[in-house]
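Residue-level listing of the chains:
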Amino acid sequence: MNSRIENLETKTDHIQSDVTGIKGNIERIDHAVNEDIVTILKTMVNKHMITTQTS
């Protein structure tokens, strides 16, 4: 009985570790996507400003 409990505890620890890793990856992706969007918008504004200045 004890070995079953220990086995379940080990599996639970592995799952918790996996979940923590996945959560960290999602947070990094979310942050990177937000930065990418800001960069794209800044580029669009800069290109628009250049276009309107030369027209």
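Before reading on, note that the structure itself is shown above.
This is a predicted model, so every value here is computed, not measured. (Residues numbered from 1 in each chain as written. Predicted model: local features only at pLDDT ≥ 70, side-chain atom pairs only at ≥ 80, totals over all residues. Heavy atoms only, no water.)

Caption draft 1: Inspection of the overall build of the chain at higher detail. A tally of helices and strands in the chain yields one helix and zero strands. For the chain, whose C-alpha radius of gyration is 24 Å, the value lies well above the compact-globule estimate of 10 Å for 55 residues. Over its C-alpha atoms, taken along the principal directions, the chain stretches across nearly 80 × 5 × 5 Å. Summed over all atoms, the accessible surface of the chain reaches about 5,300 Å², with 61% contributed by carbon and sulfur. (Helix = DSSP H or I, 4+ residues; strand = E, 2+ residues; numbered from the N terminus. Rg over C-alpha atoms; globule rule 2.2 N^0.38 Å. Areas by Shrake-Rupley, 256 points an atom, 1.4 Å probe, with all protein chains shown as cover.)

Caption draft 2: Region of the structure containing a nonpolar patch on the surface. Residues Ile29, Val33, Ile37, Ile40, Leu41 and Met44 make up a contiguous nonpolar surface patch of about 570 Å² in total accessible area. Checked against the element boundaries, Met44 lands in helix H1 (residues 2-54). On the accessibility criterion, Met44 (53% relative accessible area) is exposed. (Patch = residues over 30% accessible without salt bridge, like charges linked within 9 Å, V, L, I, M, F, W, Y side chains within 5 Å. Salt bridge = Lys/Arg side-chain N within 4 Å of Asp/Glu carboxyl O. Buried < 20%, exposed > 50% of the residue type's maximum accessible area, 1.4 Å probe, protein only.)

Caption draft 3: Representation of the environment of Thr54. Along the chain, Thr54 falls in helix H1. For the pair Thr54 and Asn34, spaced 20 residues apart in sequence, the C-alpha separation works out to 31 Å.

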